[in-house]
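Notes for the structure review
Take a look at the letters that make up each chain.
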Amino acid sequence: MQSFQSDFLDLALESKALKFGSFTLKSGRQSPYFFNLGFFNTGKLLSTLATSYAQAIIKSELKFDVLFGPAYKGIPLAAITVAKLAELDPENYSNVGYSFNRKEKKDHGEGGSIVGCALENKKILIIDDVMTAGTAINEAFEIIKAEKGEVVGCIIALDRQETTASSDLSATQAVSERYGIPVISIVSLSDIINHLKERISKEELASIEGYRKTYAPKNLQG
């Protein structure tokens, strides 16, 4: 595990963005852990978050023109990450722009539903927090397609590495297969287990491993 990943997990635990217990997910599943990126809500935490996203993108070597953050969660993520990319690797990322969509199209001023860089004829990387059913990402694809942009990848904070209700693939695998693009993450459930197994109780560890065994795609089990 690289330092930006361990720093991210340490602060996720410290800020309570990552919690262990019993949580009912939107899917109805009972999860032994819960991740809420909204708890990265101070300057220190946001700086670490931006660095983690930026380092994961740099490591991926993806080439793109615009970082797109779907409203609403993706808006601050796109802004802080594009700034950090320019800081960490100005040679490759100083001219990368960012944009986001309005929930309701504006009919005055400059109009339209996109704020920031135009997407037409641009290569787009989508940024978000966690991919569950992939619904938000699918909506982002439709928005970008309507603006005549080309999606070349997605970056998320956490890959839960679990199947959806409608597929034997994980949400990230399903999106990658559907659109023919890479879906990269800062960390995965496997990283959580490996990095924090000495810092959580045996009961919590057993619950997480049991959950993974139940819901992980077959190629990630074992």
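Above this text sits the structure in question.
Here the idea is simple: oppositely charged side chains can pair when their charged atoms come close. For the structure shown, the criterion picks out 7 salt bridges. Among the salt bridges present, the one from aspartate 10 reaches arginine 199, with a minimum N-O distance of 2.7 Å. Here aspartate 10, found in helix α1 (residues 3-14), pairs with arginine 199, found in the loop between α7 (189-196) and α8 (202-215); they are 189 residues apart in sequence, far enough to count as distant. Overall, aspartate 10 belongs to the partly exposed group, its relative accessible area being 27%.

Moving on: α1. For α1, built from 12 residues, the straight-helix expectation of 16 Å at 1.5 Å per residue is met to within 8% by its first-to-last C-alpha distance of 16 Å. For α1, the set of buried residues is Phe4, Gln5, Ser6, Phe8, Leu9, Leu11 and Ala12. Packing partners of the buried residues in α1 comprise β1 (18-24), β2 (30-35), α2 (43-60), β7 (150-159), β8 (183-188) and α7. Lysine 16 lies just past α1 and shows a positive phi near 70°.

A word on helix α5 (residues 135-146). The first and last C-alpha atoms of α5 sit 17 Å apart over 12 residues, in line with the 16 Å expected at 1.5 Å per residue. Following α5 by one or two positions, lysine 148 has its phi on the positive side, about 65°.

This paragraph deals with the nonpolar core. Note on soluble globular proteins: their nonpolar side chains tend to be buried together. Counting 44 residues, the largest nonpolar core has Phe8 and Phe64 as its most contacted members. A per-element tally of this core places α2 first, with 6 residues. Look past the residues within four positions of phenylalanine 64 in its chain and what remains in contact with it is Ile57, Leu85, Tyr93, Val96, Lys123, Ile124, Leu125 and Val152.

Rules behind the numbers
- Residues numbered from 1 in each chain as written.
- Predicted model: local features only at pLDDT ≥ 70, side-chain atom pairs only at ≥ 80, totals over all residues.
- Heavy atoms only, no water.
- Salt bridge = Lys/Arg side-chain N within 4 Å of Asp/Glu carboxyl O.
- Helix = DSSP H or I, 4+ residues; strand = E, 2+ residues; numbered from the N terminus.
- Buried < 20%, exposed > 50% of the residue type's maximum accessible area, 1.4 Å probe, protein only.
- Expected span 1.5 Å × (residues − 1).
- Contact = heavy atoms within 4.5 Å.
- Core = buried A, V, L, I, M, F, W, Y, C linked by side-chain atoms within 4.5 Å.

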